[in-house]
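# Examining the three-dimensional arrangement
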Amino acid sequence: MHVAACIRVSIVGGGSYPGLHCHRLISAVEELQLTDEEEVNGKSWASQRSVFYVSTKRSASVRMSSKPFKIFVGYDPREEDAYQVCRHSILKRSSIPVEIIPIKQADLREKGFYWRERGQLESTEFSFSRFLTPFLANYEGWAMFVDCDFLYLADIKELRDLIDDKYAVMCVQHDYAPKESTKMDGAVQTVYPRKNWSSMVLYNCAHPKNRVLNPDTVNTQTGAFLHRFQWLEDHEIGSVPFVWNFLEGHNKVDDKDPTTSPKAIHYTRGGPWFEAWKNCEFAQLWLDEKEDYDLQAKKVTN
Ligand SMILES: [Mn+2]
């Protein structure tokens, strides 16, 4: 019997979701069971109790699945509801342990990681701070950044499973020129190449090229350098299907093609949490999710 490593399954980010603890622990265990079936010695997973043993042969993938997947979400005080609903939509569908960390500009300033002055073209507080993602993840493993104006409709595991170590970053490579000249509550909309690529990015934080994204660079570099990924060669940027950054008002569902059904809706023009966008496409989906979140939050308080 080749027993080498004990896997501790940690549940993170579930503090306000007590009812989900059990479900998510089981999900994480099921995942180990699926990926390591042939390596497991002795009895089935179900008959083992609180300690799970697996062979070290699969240690890399097991480490990946047992460590929570870090998801940094851009936070803006004007869009508190959007953040909460985005977070909720990820957590409730995730079959893997995830850790959701808001990128709050005030916190970063306090820690001395962020000091640049706000420019007039910045439509959110995380326009630039988002590029601190690999730094905030200690340049370890893969981590994700996503805007708060996303609504997840699918299991984040599906997205994480697309990760390929040969890339420095992976994202939806939109070819996109927005029609609107203003967005959300009147902020100026700017048009540039690779528009919207940086709104959801899987970062290979350990990739040497991403060391460039340190506080000095993020605080001084231009928007073009950062948002167009100019620290990378084209072949270092991997592509993810557009349904993972489905742009409301731009991307369309083809009823005959199930691969066009959104897995994450991006209310990039502004979502139902703004009065002006309360009737946008997919508004009801977001409002339903908000209601679900409110119910959960209420249960926790009572
Ligand atoms: Mn956005």
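Relevant structure appears above.
What comes next is a walk through the structure. Along each chain, the written sequence defines residue order, and numbers are assigned to residues from 1. Local features are withheld for residues below a pLDDT of 70 in this predicted model, meaning they are given only at 70 or higher, and side-chain atom pairs are given and counted only at 80 or more; totals for whole chains, interfaces and linings count all residues.

## Considering the sheet that holds strand β5 (residues 142-146)
At least two bridges found by DSSP between two strands are what make those strands a pair. By definition, any uninterrupted DSSP run of H or I lasting at least four residues is a helix, any uninterrupted run of E lasting at least two residues is a strand, and each is numbered from the N terminus. One open sheet accounts for six strands, arranged β4-β3-β5-β10-β7-β11; its pairing is mixed. Of all the strands in the sheet, the pair left with one neighbour each is β4 (98-103) and β11 (237-239). Neighbouring strand axes in the sheet, compared pairwise and without regard to direction, differ in orientation by 25° on average. Of the strand pairs in this sheet, strand β7 (residues 169-171) and β11 are connected by three bridges, and their pairing is parallel. If you follow C171 over to β11, its bridge partner there is S239. What counts as a contact is two residues whose backbone-derived C-beta atoms lie within 7 Å of each other. A fitted line through C-alpha atoms serves as each axis, taken over the contacting stretch for helices, and the angle formed by two N-to-C directions is quoted from 0 to 180°. Lying on the sheet, helix α3 (residues 80-93) is in contact with β3 (69-74) and β4; it crosses β4 at an angle near 165°.

## Structural notes on unusual backbone geometry
You will see that N138, though not glycine, has its phi angle at about 55°, which is positive. Considering the arrangement of structural elements, one finds N138 in the loop between α5 (133-136) and β5. Each residue is classed by its C-beta neighbour count within 10 Å, where at least 20 other C-beta atoms makes it buried, 12 or fewer makes it exposed, and intermediate counts make it partly exposed; the C-beta atoms are placed from backbone geometry. When the 11 C-beta atoms within 10 Å are taken as the criterion, N138 is described as exposed. Residue R194 is not a glycine yet carries a positive backbone phi of 60°. Positionally, R194 belongs in the loop between β9 (187-188) and β10 (200-204).

## Observations regarding the packing of α3 against helix α9 (residues 283-301)
The contact between α3 and α9 brings their axes to 9 Å, and the two run at 85°. Of the possible angle classes, the one that applies to α3 and α9 is roughly perpendicular. Of the residues in α9, those touching α3 at D81, Q84, V85, H88 and S89 are W286, E289, K290, Y293 and Q296. Classes in brief: Ala, Val, Leu, Ile, Met, Phe, Trp, Tyr, Cys and Pro nonpolar; Asp, Glu, Lys and Arg charged; the others, Gly included, polar. For the contact of α3 with α9, the residue count by class is three nonpolar, four polar and three charged. In these notes the angle categories are as follows: under 35 degrees is roughly parallel, over 145 is roughly antiparallel, 65 to 115 is roughly perpendicular, and the rest is oblique.

## What about the pairing of β4?
Bridge count for β3 against β4 is six bridges, and the pairing is parallel. Considered in β4, the bridge of K70 is made with E99. Crossovers are described as right-handed under a simple rule: with the strands pointing away from the observer, the path leading from the first strand over the helix to the second runs clockwise. Taken together, β3, α3 and β4 constitute a β-α-β crossover, and its handedness is right-handed.

## Some words on α9
With 19 residues, α9 ought to run about 27 Å at 1.5 Å a step, and its terminal C-alpha atoms sit 27 Å apart, in line with that. Taken together, the buried positions of α9 are W286, E289, K290 and Y293. One face of α9 carries all of its buried residues, which in axial projection span an arc of 105°. Facing away from the buried surface of α9 by more than 90 degrees, the exposed residues are Q284, D288, E291, L295, K298 and K299. For α9, the secondary structure elements touched by its buried residues are α3 and β6 (150-152). Each residue after the first adds 1.5 Å to the expected span of a helix. Note: the arc covers the axis-to-C-beta directions of the helix.

## Overview of the nonpolar core
Ranked by internal contacts, the top residues of the largest apolar core, which has 59 residues, are I71, V73 and C86. Broken down by element, this core gets its largest block of residues, six residues, from α3. Those residues in contact with V73 that lie beyond four places of it in its chain are Y83, C86, R87, I100, P102, I103, V146 and C148. We define the nonpolar core as any set of buried residues of the types Ala, Val, Leu, Ile, Met, Phe, Trp, Tyr and Cys, connected via C-beta atoms lying within 7 Å of each other.

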